[in-house]
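Residue-level structural notes
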Amino acid sequence: TGNNDDAAGDYTPDTPVVRQLESLTLGELERDKLAGELAWAWIAENLDEFVALAPLKLWRLWGPDGEAEWNYQGGYVGYADHATLFRAVRIVNQLYYAALLLAFIGFALWQLRRRWRSDERLIDWWLLPYTLALYPTAIAVVFSGQSRFHFPVMPFIVVTAAWLVTMLLDREHAPRDAHIQATGASKLKPA
């Protein structure tokens, strides 16, 4: 669905080629094989269009985060009565999601800068969340972008964002802690 003349980067099950494929009386495996052959043939014949679709697919994968509202739209009878509330929750969720992604990117930039300056190895265990994020990213470029495919990576993005916040807070308190150690002054009583 992501590689045809009507593809737009998203999952597009209503395109003519997909409808034709679904109308054939084939088994699931045969249909999947034929769909793959059609997609690879389209890519080979339209390489420029395939490359041009990549940013759209990546945007669709990593940009929006709100499939839950779509689920309610499609299956909750009372959605129309509470659409404004559902939309408000989705907007708050989208802002939180954007902050997490910015922190995820910020942590990578912070680590690269810190490691470059301290001559630490650039490639190390801290890259794990980023390598995990590469898998759905690569899948989206080949197939189509769908926001639900970033969900498995989100725990790692949240942990990385929390790690950045912790590091920034440690840096903020480091001068005060150094002063306390240097002067021997402490507001804490010994245990």
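That block above? That's the structure.
**Concerning the environment of R90**
Counting through the fold element by element, R90 comes out in helix α5 (residues 83-118). Residue class for R90 comes out partly exposed when judged on its relative accessible area of 26%. When the C-alpha positions of R90 and L101 are compared, they lie 16 Å apart, and in sequence the two are 11 residues distant. With sequence-adjacent residues up to four places away left out, R90 is seen in contact with G66 and E69.

**A few points about the nonpolar core**
Of all hydrophobic cores here, the largest spans 19 residues; its most connected members are W62, F107, Y130 and I157. Of all the secondary structure elements, the ones that give two or more residues to this core are α3 (47-62), α5, α6 (128-142) and α7 (154-183). Ranked by the residues each element gives to this core, the list is headed by α5, at 8 residues.

**Focus on a negative patch on the surface**
Together, D5, D6, E45, D48 and E49 make up a negatively charged patch on the protein surface. For E49, the location among the structural elements is in helix α3. Classification of E49 as partly exposed rests on a relative accessible area of 42%.

**Some remarks on the side chain of N3**
Assignment of secondary structure puts N3 in the segment before α1 (16-23). At 2.8 Å, the side chain of N3 forms a polar contact with the side chain of K57. Within the structure, N3 has its side chain in polar contact with the backbone oxygen of V142 (distance 2.7 Å). In this structure N3 touches A39, W42, I43, F50, K57, V142 and F143, once residues within four positions along its chain are discounted.

What counts, and at which threshold
- Residues numbered from 1 in each chain as written.
- Predicted model: local features only at pLDDT ≥ 70, side-chain atom pairs only at ≥ 80, totals over all residues.
- Heavy atoms only, no water.
- Helix = DSSP H or I, 4+ residues; strand = E, 2+ residues; numbered from the N terminus.
- Buried < 20%, exposed > 50% of the residue type's maximum accessible area, 1.4 Å probe, protein only.
- Contact = heavy atoms within 4.5 Å.
- Core = buried A, V, L, I, M, F, W, Y, C linked by side-chain atoms within 4.5 Å.
- Patch = residues over 30% accessible without salt bridge, like charges linked within 9 Å, V, L, I, M, F, W, Y side chains within 5 Å.
- Areas by Shrake-Rupley, 256 points an atom, 1.4 Å probe, with all protein chains shown as cover.
- Salt bridge = Lys/Arg side-chain N within 4 Å of Asp/Glu carboxyl O.
- Lys, Arg positive; Asp, Glu negative; His and termini not counted.
- Charge placed at Lys NZ, Arg CZ, Asp CG, Glu CD.
- Polar contact = N/O pair within 3.5 Å; in protein donor to acceptor, adjacent residues only side chain to side chain.

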